[in-house]
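Chain residues, written in single-letter form:
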Amino acid sequence: MCGIVGYSGEKNASELLPSCLRKLDYRGYDSFGFAVQANPTIAVEKHAGRLDGFTSQLPESKLGIAHTRWATHGSVTEKNAHPHMSCDGSIAVVHNGIIENYSELREQLKQQGHKFVSETDSEVIPHLIEGLLAQGKSFEEAVRETCDSLQGTFALLILNKESNKLVAARKGSPLVIGVGKNENFVASDVTAFIEFTKDVIFLDDNELAIVDGNVEVQNFSTGKKLDKKVSKIEWDAEQAEKSGYKHFMLKEIFEQPEAAQKCLQGRIKDGKVVLPELEGRDEKLKEINRVIIVACGTSWHAGLVAEYIMEELVGLPVEVEYASEFRYRNPIVDDKCLVIVVSQSGETADTLAALREAKKKGALVISICNVMGSTIARESHSTIYNRAGPEIGVASTKAFTTQLIVLTLVSLYLADLIKSNPLEKQREILSALQEIPDKMQQTVDESNQVLAIAKKYWEKPNALYLGRGPNFPIALEGALKLKEISYLHAEGMSAAEMKHGPIALIDSDMPAIFVAVKDKTYNKILANIEEIKARGGTVIAVASPADKEMEGNVAEVMHIAKTIELLQPLLTVLPLQLLAYYIADIRECDIDKPRNLAKSVTVE
Ligand code: M6R
């Protein structure tokens, strides 16, 4: 996730901005840049790489903007780093978000004679403002009109060499103003400036702020001036980095509605899935007769859920393989086989080796990654990014749910391509998918019910996680989450398998956590629950909304919001992530950096 900071005040922005930007390090980035007002020009400095050891060469200035980039459009290069400039160098812009209509805008601007130097979506913004200024509009008017013409999400900071103000605007990406004494800040979050001021104004969507010695906020569509409240931040600097959450994992669990929104953004148009990443691959995709998904850990669980979704929607056989096993077998793979490689980091050694094996055997390889420019992304024929933003907690949460969304989008894309499913069914799933961010929000809003359960059961040394159908892999994922961050023993399995052996483990110290939502196996699950209870076991259920029957049958219930059967795993996993988190927190475990684990497993 990109980070942005702007400064207007008595200090030297060229010295101050790098240190503010370093405070946003935790957001993850691959390149950075600055622009400062250096009358009569704007001075700019940009670099690919990290801020470590960086000292600014910029002239002294009282006004400037800065940016760390987490690449989404275009590779990690100095040219793609922000700020982006207008042709005449008079406008500098830093941007966080995604401009969906950038290719149309870029074409129009090129026809008007504008020259582009980067591959980014963001670069259209300074050129649009430049065009409007040339028509005689004021700086503010030009920014307002530009904001109105942009589709997608943005947090923007803009400098104009003719003006001693900076303009900030927000739609869908966070932006907060720090109101100091004789100085003001604007940043993606308060961490950037909390050591200077705790008085803040949170910008809302469609708002624009003009920042110099004062702060004026207006609605950028209507131009109406707004009377915004100044709030006091109660966090300290360390908490602020985590936006007030105790751990990155908790922050990332609660970020899932936003991550899902970003993952879906621009990928559904007119009732169809749009994946430009697969451009030029349709003919090859029409010929495939089999899909193999390879991955490790949580990403493998995402693949297992996708097996149900893809087989139902596409009607082709889908196999899901541990990358580590796939690479050391002699897998039957040919050029009619589509291999989907799933990896958050894009650097997992076993997954990379499996990718190379699949390519060697002639398969078309599509990867689903969260880290742009990672090795797996670079070596695949095509890559579709999760757009979850950097995941810092070792336990994967928002990467998992966005992997599932991408896998669902790919399934729908293939279904449409090979006409394996009636259009109405695809549309029904697409419209439910678009509602998923809201449904996720409703589900995580119920976190208190999960916390209460964690407080009751945190001392139990073992747990069984059980589910059926697409929720069977969610049981595996729930168990993995508990194991890796709380160091408790947990096993996940199909609820139907329990009677084939594991039921022997049931006693009062082994709670059984069932994913027991209303679906075609609901009655079977109810029967499994009775089997556990008959043997003195305690049952905790993840249940559909207002499922009174379940409430009457089990010791504890964690409700999810309502969605269609196929998409339920996107919600059922949320209480299980929270349960693992709260138990680990009560047990005082090192949640973001669990013992013996690494975020990216680059060894075999
Ligand atoms: O980066 P990847 O998705 O390739 O990583 C795969 C696994 O190492 C990873 O999912 C691991 O299981 C997580 N710690 C689970 O939370």
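Residues numbered from 1 in each chain as written. Predicted model: local features only at pLDDT ≥ 70, side-chain atom pairs only at ≥ 80, totals over all residues. Heavy atoms only, no water.

### With respect to the overall build of the protein
Phase 1 of the analysis: Within the protein, the secondary structure is distributed over 20 helices and 27 strands.
Phase 2 of the analysis: The C-alpha radius of gyration of the protein comes to 25 Å, within 12% of the 25 Å expected for a compact globule of 604 residues.
Phase 3 of the analysis: Overall, the C-alpha framework of the protein stretches about 80 × 55 × 45 Å when taken along its three principal axes.
Phase 4 of the analysis: Relative to its full complement of 604 residues, the protein shows a buried share of 60%.
Phase 5 of the analysis: Taking the intrachain contacts of the protein between residues at least 6 apart in sequence as the baseline, contacts between residues at least 24 apart amount to 70%.
Phase 6 of the analysis: Summing over all exposed atoms, the protein offers an accessible surface of approximately 23,300 Å²; the carbon and sulfur share of this is 48%.
Phase 7 of the analysis: Of the side-chain charges in the protein, 68 are positive and 84 negative, and the distance between the mean point of each set is 1 Å. (Helix = DSSP H or I, 4+ residues; strand = E, 2+ residues; numbered from the N terminus. Rg over C-alpha atoms; globule rule 2.2 N^0.38 Å. Buried < 20%, exposed > 50% of the residue type's maximum accessible area, 1.4 Å probe, protein only. Contact = heavy atoms within 4.5 Å. Areas by Shrake-Rupley, 256 points an atom, 1.4 Å probe, with all protein chains shown as cover. Lys, Arg positive; Asp, Glu negative; His and termini not counted. Charge placed at Lys NZ, Arg CZ, Asp CG, Glu CD.)

### Remarks on the pattern of salt bridges
Phase 1 of the analysis: Counted by the stated rule, this structure contains 33 salt bridges.
Phase 2 of the analysis: One salt bridge connects Lys23 with Glu195, and the closest N-O pair in it is separated by 2.4 Å. Highlighted residues: Lys23 in the loop between α1 (13-22) and β2 (31-38) and Glu195 in the loop between β10 (183-187) and β11 (199-202), separated in sequence by 172 residues.
Phase 3 of the analysis: By relative accessible area, Glu195 is classed as exposed at 54%.
Phase 4 of the analysis: The closest approach of N and O atoms between Lys481 and Glu484, which form a salt bridge, is 3.3 Å. Here Glu484 and Lys481 lie together in helix α17 (residues 472-486), a separation of 3 residues that amounts to about one turn.
Phase 5 of the analysis: Look at Lys481 and you get buried, because its relative accessible area is 1%. (Salt bridge = Lys/Arg side-chain N within 4 Å of Asp/Glu carboxyl O.)

### What about the sheet that holds strand β27 (residues 556-559)?
Phase 1 of the analysis: Strand order in the open sheet made by the 5 strands is β24-β23-β25-β26-β27, with parallel pairing throughout. If you trace the sheet from one side to the other, it starts and ends with β24 (489-494) and β27, each paired once. Each adjacent strand pair in this sheet contributes to an overall mean axis angle of 20 degrees, direction not counted.
Phase 2 of the analysis: As paired elements, strand β23 (residues 462-467) and strand β25 (residues 512-515) share 3 bridges and run parallel to each other. (Pairing = 2+ DSSP bridges. Axes fitted to C-alpha atoms, helices over the stretch in contact; angles between N-to-C directions.)

### Things to note about the UniProt feature "active site" (unreviewed entry) in the protein
Phase 1 of the analysis: The positions that UniProt labels "active site" (unreviewed entry) are, in the present scheme, Cys2 and Lys599.
Phase 2 of the analysis: Relative to the helices and strands, Cys2 resides in the segment before β1 (3-9).
Phase 3 of the analysis: Among the residues examined, Cys2 registers a relative accessible area of 9% and is labelled buried.
Phase 4 of the analysis: In contact with Cys2, not counting residues within four places along its chain, are Arg27, His67, Thr68, Arg69, Trp70, His95, Asn96 and Ser188.
Phase 5 of the analysis: The exposure class assigned to Lys599 is partly exposed, which follows from its relative accessible area of 27%.
Phase 6 of the analysis: Setting aside chain neighbours within four positions, we find Lys599 in contact with Gln344, Glu391, Ile392, Gly393, Val394, Ala395 and Ser396. (UniProt positions renumbered as here; feature names shortened; annotations may be inferred.)

### Some thoughts on the pairing of strand β4 (residues 63-69)
Phase 1 of the analysis: Counting buried positions along β4 yields 7 of 7 residues, so the element is predominantly enclosed.
Phase 2 of the analysis: The alternating pattern of β4 places Leu63, Ile65, His67 and Arg69 and Gly64, Ala66 and Thr68 on opposite faces, both of which are buried.
Phase 3 of the analysis: Sheet topology places β1 next to β4; 6 bridges connect them, and they run antiparallel. Bridge pairing links Gly3 to Thr68 in β4.

### Some remarks on helix α18 (residues 522-534)
Phase 1 of the analysis: Over its 13 residues, α18 extends 19 Å from the first C-alpha to the last, a length consistent with the 18 Å expected when each residue adds 1.5 Å.
Phase 2 of the analysis: By the burial criterion, the buried members of α18 are Tyr522, Ile525, Leu526, Asn528, Ile529 and Ile532. Take α18 and look down its axis: the buried residues cluster within an arc of 160 degrees, on one side only. Every exposed residue of α18 that faces more than 90 degrees away from the buried side is listed here: Asn523, Lys524 and Ala534.
Phase 3 of the analysis: The inward-facing, buried residues of α18 contact β23, β25, β26 (539-543) and α19 (548-553).
Phase 4 of the analysis: After α18 finishes, the residue Gly536 shows a positive phi value of roughly 80 degrees. (Expected span 1.5 Å × (residues − 1). Arc of directions from axis to C-beta.)

### Here's the deal with the domain arrangement of the protein
Phase 1 of the analysis: For the protein, the assigned domains read domain 1 (3-233), domain 2 (241-434) and domain 3 (437-589).
Phase 2 of the analysis: Domain 1 and domain 2 are separated by 33 Å when their C-alpha centres are compared.
Phase 3 of the analysis: Of the roughly 1,200 Å² buried between domain 1 and domain 2 on both sides combined, carbon and sulfur atoms contribute 61%.
Phase 4 of the analysis: Among the residues domain 1 hides against domain 2, the three largest losses belong to Tyr26, Trp70 and Glu100. Together they make up 48% of the total.
Phase 5 of the analysis: Remark: the boundary between domain 1 and domain 2 carries 0 salt bridges.
Phase 6 of the analysis: Our count for the contact surface shared by domain 1 and domain 2 stands at 3 residue pairs in polar contact (both at pLDDT 80 or more). (Domains from an automatic or database assignment. Buried area = accessible area lost by both parts, 1.4 Å probe. Polar contact = N/O pair within 3.5 Å; in protein donor to acceptor, adjacent residues only side chain to side chain.)

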